[in-house]
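Notes for the structure review
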Amino acid sequence: QAVADYERVLAAPPPDADDLRSTLAMVLTHQATVAQATGDGAGAVAATARAAATLDTLARRHPANADYRIELYTALGALRSALAAEGRTDSALAV
């Protein structure tokens with residue numbers, strides 16, 4: 001539900017919605033953790049990929065913001081792990 005709420009707000013974002021985007025990425029990361037813990041590997045990959053894409057946008061938009069870059073690198077590591085857990089090692093290595 002939280003993801004849907006953030007996406008609804010971001011469909012017509014306020015002028016500076018980057019804080020909302022950052023929070024959305026955090027929510028997606030938590031969603032991925034829950035998915036992985038409950039055996040939904042595909043869901044974990046999807047949520048982590050969305051979090052990484054969101055953080056990539058933020059890091060590119062704000063190159064001087066080290067926090068966005070660190071969060072992006074963390075999300076990419078989580079995406080590699082989720083892909084590897086699904087047996088998709090080639091995809092994991094390509095991230």
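Data block above holds the structure.
Quick look at the structure, then. (Residues numbered from 1 in each chain as written. Predicted model: local features only at pLDDT ≥ 70, side-chain atom pairs only at ≥ 80, totals over all residues. Heavy atoms only, no water.)

1. Here's the deal with the overall build of the protein
When you go through the protein residue by residue, the secondary structure sums to five helices and zero strands. Counting helices and strands in the order they occur from the N terminus, the protein gives α-α-α-α-α. Here the C-alpha radius of gyration of the protein, 13 Å, is about what a compact globule of 95 residues would show, namely 12 Å. When its C-alpha atoms are laid out on the principal axes, the protein stretches across 40 × 30 × 15 Å. In the protein, buried positions account for 32% of the 95 residues. Look at the contacts in the protein between residues 6 or more apart in sequence, and 44% of them connect residues 24 or more apart. For the protein, the accessible area works out to roughly 5,600 Å², and carbon and sulfur atoms hold 57% of it. (Helix = DSSP H or I, 4+ residues; strand = E, 2+ residues; numbered from the N terminus. Rg over C-alpha atoms; globule rule 2.2 N^0.38 Å. Buried < 20%, exposed > 50% of the residue type's maximum accessible area, 1.4 Å probe, protein only. Contact = heavy atoms within 4.5 Å. Areas by Shrake-Rupley, 256 points an atom, 1.4 Å probe, with all protein chains shown as cover.)

2. Points about the pattern of salt bridges
Taken as a whole, this structure holds three salt bridges when the rule is applied. Connected through shared salt-bridge partners, Asp18, Arg21 and Arg61 make up one network. (Salt bridge = Lys/Arg side-chain N within 4 Å of Asp/Glu carboxyl O.)

3. Considerations on helix α3 (residues 41-61)
Its 21 residues give α3 an end-to-end C-alpha distance of 30 Å, which sits within 8% of 30 Å, the value for a rise of 1.5 Å per residue. For α3, the complete set of buried residues consists of Gly41, Ala44, Val45, Ala47, Thr48, Ala51, Ala52, Thr54, Leu55, Leu58 and Ala59. Its buried side turned inward, α3 meets α2 (18-37) and α4 (66-85). (Expected span 1.5 Å × (residues − 1).)

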